[in-house]
Amino acid sequence: MNEVLTMLREKNPGLPLFSVLDPEFRRYGRVLSADTAQLSDALAATPIPEAGNSYVASLPALEAVDLMPGLQRCAFGEMPIQAGYCNGNGFKLNAMEYHKCSEINFTTTGLVLLLALPEQLDDGKLNSADVVGFYLPENVLVEIFPMVLHFAPCRIAETGFRCLVVLEQGTNAALPSVNTAAPGEEKLLWMRNKWMTCHPDSPQKEKGAFVGIYGENLTLKI
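Conventions we followed
Within each chain, residue numbers correspond to sequence positions counted from 1 in written order. With the structure being a predicted model, the display of local features is reserved for residues of pLDDT at least 70 and the display and counting of side-chain atom pairs for 80 or more, all residues being used for whole-chain, interface and lining totals. Hydrogens and water are ignored here; the side-chain numbers use all heavy atoms of the structure. Only runs of H or I of at least four residues qualify as helices and only runs of E of at least two qualify as strands under DSSP, and these elements are numbered from the N terminus. This radius of gyration counts C-alpha atoms alone. The globule rule is 2.2 Å times how many residues there are, raised to the power 0.38. Here the term buried applies to any residue with accessible area under 20% of the maximum for its type, exposed to any over 50%, and partly exposed to those in between, with areas from a 1.4 Å probe on protein chains only. Method remark: on a 1 Å grid restricted to protein atoms, a set of points is classed as a cavity if a 1.4 Å probe fits but cannot get out and as a pocket if it is open with protein on both sides within 12 Å along at least five of seven lines; lining residues have an atom within 4 Å of a point. Grid points are joined across faces, edges and corners, and a volume is the space filled by probe spheres set on the points. Residue polarity is assigned by list, with Asp, Glu, Lys and Arg as charged and Ala, Val, Leu, Ile, Met, Phe, Trp, Tyr, Cys and Pro as nonpolar; anything else, Gly included, falls into the polar class.

1. Overview of the overall build of the chain
Looking only at helices and strands, one finds five helices and 14 strands in the chain. Relative to the 2.2 N^0.38 estimate, which gives 17 Å for 222 residues, the radius of gyration of the chain is 16 Å and therefore close to what a compact globule would have. Dimensions of the chain, computed from C-alpha atoms along their principal axes, come out at roughly 45 × 40 × 35 Å. Looking at the chain as a whole, 50% of its 222 residues are labelled buried.

2. Quick look at the layout of surface pockets
What the largest pocket holds in volume is close to 710 Å³. Cys86, Phe151, Ala152, Lys194 and Gln204 are the residues nearest the centre of the largest pocket, which is lined by 28 residues in total. Those elements that provide at least two residues to the lining of the largest pocket are β3 (53–56), β6 (103–107), β7 (111–115), β11 (161–168), β12 (189–191), β13 (194–198) and α5 (203–206). With three residues, the top contributor of residues to the lining of the largest pocket is β3. Here the lining of the largest pocket is built from residues that sort into 14 nonpolar, nine polar and five charged.

Treat this as a map of the structure, not an account of what it does.
Okay, structure coming up:
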């Protein structure tokens, strides 16, 4: 068994943890086969902030790598895409979001994705006990399926993480207005093509997001 995954399981006995290479991942996404050498070089050049996380939705250096047209076709059906990154030092659940398109992730550092299935969300409410962690090793390319709940990755080392984020163009852009008191799914609409629910002990609550995660605000220990 992978030494990193073994370490994470030992330090987080209450959190189900798997690798994206395990069969358990197939309900949440799939591993993609591609030559990632150029992508790895481009992502490795992006900065990791000293504290917190940094999200850049669109970065020309990532969008220019040679495998992007193939990803645009196989994962997004030729819809316009954006390629950026989420780099940082995060280690808590805090919130969960979903998109109505796939999301492509890739890392040069290794990281853990905290994921939940769409059917586990009930009118914006989610039990954090339903969340599963998946170890994404460096240089493995994955597609997270539409509607699968996820949020910022968790670091697996004190040096932080780098994570590629490829989405349909315009995703995560600001909305003219947000209404968390709206009926149904609309109350979760936080940004363009981004529906989100958060934990009461999260920074997202302080920003006004819908509060729907109950149970422990999970922390990944390393």
